[in-house]
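Residue-level structural notes
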Amino acid sequence: MNIILFGPPGVGKGTQAKLLVERFNLKHISTGDILRAEVQKNTELGNRIKSILEAGKLVSDDIMIEIIKKTIQSDEIKKGVILDGFPRTVAQAIALGKLFEELNNKIDFVIYIDVDEEQIVKRLENRYSCKSCGKIVNKMIDNVVDMKCPSCGGELIKRDDDKPETILNRMNVYRDSTEPVKKYYQQQNLLFVVDGSGSVNEVSERINKILES
Ligand code: AMP
């Protein structure tokens, strides 16, 4: 089973991807995580893309398609993947379709997580992640004391691109470049819309219902 989790930044794609990985034993591919790891490692690519990430802009299609090709061609893909953060442009979506075709494979579900914009901005402003275990935490909802991770006690950190000025930019980039991908998958009858409001478990149950159907 190959699933794309799709939607604006901050709708919970990463959180839901982790739950699906546990449930269906799939490989989680988060292009944001891959890019952040490159920046951390100070690689040539990392240095080239650091300012793009900080500004909330998109890394070029050429680079992204190259990254996804390398990742998807590995053996791990055979058990199925959850793509989180890719594709973000129609060009990326077309390239992904070709890639799956070459591998005699296909996309089964594109799950669009729907949350209104005001709510998204609030979520991003309150989003932190744990430096130790990677858990994504919302300071307003989760039980956060002294900025420690409620799961493992690790230090909670804010992503560089979750700052108010960058959040606005990311929403504009989403509207201009990524929103058309929704229509692209709708035309292929692959798009399933899920209400992304409510608790993590509520959204997860809605997604499971779609996958079970
Ligand atoms: P995310 O963690 O998915 O929110 O991604 C963080 C940042 O990484 C985005 O704001 C972009 O700058 C970059 N990025 C991640 N995935 C892509 C992609 N498919 N195409 C272009 N840029 C991406």
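Here, every reference points to the structure presented above.
Described in the following lines is the structure provided in the data block. (Residues numbered from 1 in each chain as written. Predicted model: local features only at pLDDT ≥ 70, side-chain atom pairs only at ≥ 80, totals over all residues. Heavy atoms only, no water.)

A separate point is the nonpolar core. Ranked by internal contacts, the top residues of the largest apolar core, which has 31 residues, are L96 and Y185. Broken down by secondary-structure element, the contributors of at least two residues to this core are strand 1 (3–6), helix 2 (31–41), helix 3 (44–55), helix 4 (61–72), strand 3 (81–84), helix 5 (90–102), strand 4 (109–114) and helix 7 (164–187). At six residues, helix 4 tops the list of elements feeding residues into this core. Once residues within four sequence positions are removed from consideration, L96 is found in contact with I4, I72, L83, F86, P87, I107 and Y185. (Core = buried A, V, L, I, M, F, W, Y, C linked by side-chain atoms within 4.5 Å. Buried < 20%, exposed > 50% of the residue type's maximum accessible area, 1.4 Å probe, protein only. Helix = DSSP H or I, 4+ residues; strand = E, 2+ residues; numbered from the N terminus. Contact = heavy atoms within 4.5 Å.)

What follows concerns the pattern of salt bridges. Summed over all chains, the structure comprises 14 salt bridges. Between R127 and D162 there is a salt bridge, with its nearest N and O atoms 2.9 Å apart. Pair noted here: R127 is in strand 5 (residues 127–130) and D162 is in the loop between strand 7 (156–157) and helix 7, with a separation of 35 residues, a long-range link. A single burial state applies to R127 and to D162, both of which are buried. (Salt bridge = Lys/Arg side-chain N within 4 Å of Asp/Glu carboxyl O.)

Glancing now at the site of the ligand. Taken together, the neighbourhood of the ligand is formed by 16 residues, with T31, R36, K57, G85 and R88 sitting nearest. Residue R36 places a side-chain N or O atom 2.9 Å away from an oxygen atom belonging to the ligand. At 3.1 Å from a nitrogen atom of the ligand is found a main-chain nitrogen or oxygen belonging to V59. Calculation on the ligand without its partners gives an accessible area of 480 Å², and the protein chains cover 96% of this total. If one sorts the elements of the shell around the ligand by residue count, helix 2 sits on top with four residues. Taken together, the residues of the shell around the ligand sort by class into six nonpolar, four polar and six charged. (Near = heavy atom within 4 Å. Polar contact = N/O pair within 3.5 Å; in protein donor to acceptor, adjacent residues only side chain to side chain. Areas by Shrake-Rupley, 256 points an atom, 1.4 Å probe, with all protein chains shown as cover. Nonpolar A, V, L, I, M, F, W, Y, C, P; charged D, E, K, R; others polar.)

What follows deals with the packing of helix 2 against helix 4. Between helix 2 and helix 4, the shortest axis-to-axis distance is 11 Å and the interhelical angle comes to 105°. The angle between helix 2 and helix 4 falls in the class roughly perpendicular. Residues T31, I34 and L35 of helix 2 pack against M64, I67, I68 and T71 of helix 4. Taken together, the residues that form the contact of helix 2 with helix 4 break down as five nonpolar, two polar and no charged. (Axes fitted to C-alpha atoms, helices over the stretch in contact; angles between N-to-C directions. Parallel < 35°, antiparallel > 145°, perpendicular 65-115°, else oblique.)

Ordered in space as 6-5-7, the three strands form an open sheet in which the pairing is antiparallel. The sheet is open, and its two borders are formed by strand 6 (136–138) and strand 7, each paired with just one other strand. (Pairing = 2+ DSSP bridges.)

The next thing to look at is the pairing of strand 1. With burial as the criterion, each face of strand 1 is covered, one bearing I3 and L5 and the other bearing I4 and F6. One ladder, built from three bridges, connects strand 1 with strand 3; its direction is parallel. Directly across from I4, in strand 3, lies its bridge partner L83. Sheet topology note: the strand 1/strand 4 ladder contains four bridges and is parallel. Bridging from a neighbouring strand, I4 pairs with V110 of strand 4.

On strand 5, burial covers both faces: R127 and S129 on one face and Y128 and C130 on the other are all buried. Sheet topology places strand 5 next to strand 6; three bridges connect them, and they run antiparallel. In the strand pairing of strand 6, Y128 is matched with V137. Two successive antiparallel strands, strand 5 and strand 6, enclose a turn made up of five residues, where G134 displays a positive phi of approximately 85°. Here two bridges tie strand 5 to strand 7, and the two strands are oriented antiparallel to one another. Pairing of S129 across the sheet is with I157, part of strand 7.

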